[in-house]
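Reading the structure
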Amino acid sequence: MVQFKIMLSNKKLIDNYDWNGNNPSRWKDSANALCISYNILWKEYKKSLKQMSKEKRGLCPLEFDVLLPALMLLGYAIESFLKAIWVKNGNILAKDGKFEDTLKCKAHDLVAIAKTVQINFDTKEEDILKRLSWVITAIGRYPIGKSLPKIWPFSWSGGDAVIIKKFVDKLYSELNGF
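Computed from a prediction, not measured in an experiment: that's the story for all the values here. (Residues numbered from 1 in each chain as written. Predicted model: local features only at pLDDT ≥ 70, side-chain atom pairs only at ≥ 80, totals over all residues. Heavy atoms only, no water.)

Once that is clear, we can look at the overall build of the protein chain. Broken down by element type, the protein chain carries six helices and two strands. Mapped in sequence order, the helices and strands of the protein chain form the string α-α-α-β-β-α-α-α. C-alpha extents for the protein chain along the principal axes are approximately 65 × 55 × 35 Å. The buried share among the 178 residues of the protein chain stands at 37%. (Helix = DSSP H or I, 4+ residues; strand = E, 2+ residues; numbered from the N terminus. Buried < 20%, exposed > 50% of the residue type's maximum accessible area, 1.4 Å probe, protein only.)

In structure tokens form, the structure reads like this:
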């Protein structure tokens, strides 16, 4: 087997990093991939609920456990859409080969990022964004967060999914043309 290594100069690596980090299309592509992954897991989760309702003993299918990881992917998708809009509006997120935190928001705080990017949302959307922020930082990937949760018990419904889909559609339309 023949292997090829592409040797890029440090300057080209830095330029490539900066180009990707400051390109709204790259953030949008990332968000789209995360949304597709969320949708696949969400459908499997919904199927598991139907299957559970048919079971006499109430056994949980394995797919029942994909809800929180699915929501984590959705939260990351929303964050990527917001960063795409931020960059589209002339801001930067990468400089000299390093992530540049020009948003000045707490990591993964979707409400704060949306406000900074100047995306309007109603109280229902805000509540969902807060819950998704908690999922991103903790329960989507770990059994606990770094501190006690501010939102507990955690809940998610089909109605939440409908509301947040409309919010995501709004973000997507902000990126029309990218």
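Here the narrative resumes, following the displayed structure.
The next point concerns the pattern of salt bridges. For the structure shown, the criterion picks out nine salt bridges. Across the pair Lys-47 and Glu-44 runs a salt bridge whose closest N-O atoms are separated by 3.0 Å. Of this pair, Lys-47 and Glu-44 are both found in helix H2 (residues 24-54), three residues apart, which corresponds to roughly one turn of the helix. According to the relative accessible area criterion, Lys-47 is partly exposed, its value standing at 49%. Between Arg-131 and Asp-127 there is a salt bridge, with its nearest N and O atoms 2.8 Å apart. (Salt bridge = Lys/Arg side-chain N within 4 Å of Asp/Glu carboxyl O.)

Take helix H6 (residues 158-174) next. Look at H6: 25 Å from first C-alpha to last across 17 residues, which is about the 24 Å you get at 1.5 Å a residue. Taken together, the buried positions of H6 are occupied by Asp-160, Ala-161, Ile-164, Phe-167, Val-168 and Leu-171. Buried residues of H6 fall within an arc of 130 degrees about the axis and therefore sit on the same side. Turned more than 90 degrees away from the buried face of H6 sit Lys-165 and Lys-166, all of them exposed. Backbone nitrogen of Gly-159 and a side-chain oxygen of the N-cap are separated by 3.2 Å at the start of H6; the cap is Ser-157. (Expected span 1.5 Å × (residues − 1). Arc of directions from axis to C-beta. Polar contact = N/O pair within 3.5 Å; in protein donor to acceptor, adjacent residues only side chain to side chain.)

This next bit is on the packing of helix H4 (residues 110-117) against helix H5 (residues 123-139). Packing of H4 against H5 brings their axes to within 8 Å, and their N-to-C directions diverge by 125 degrees. Our classification of the angle between H4 and H5 gives oblique. For the pair H4 and H5, contact is made by Leu-110, Val-111 and Lys-115 and by Glu-126, Leu-129, Lys-130, Leu-132, Ser-133 and Ile-136, respectively. By residue class, the composition of the contact of H4 with H5 is five nonpolar, one polar and three charged. (Axes fitted to C-alpha atoms, helices over the stretch in contact; angles between N-to-C directions. Parallel < 35°, antiparallel > 145°, perpendicular 65-115°, else oblique. Contact = heavy atoms within 4.5 Å. Nonpolar A, V, L, I, M, F, W, Y, C, P; charged D, E, K, R; others polar.)

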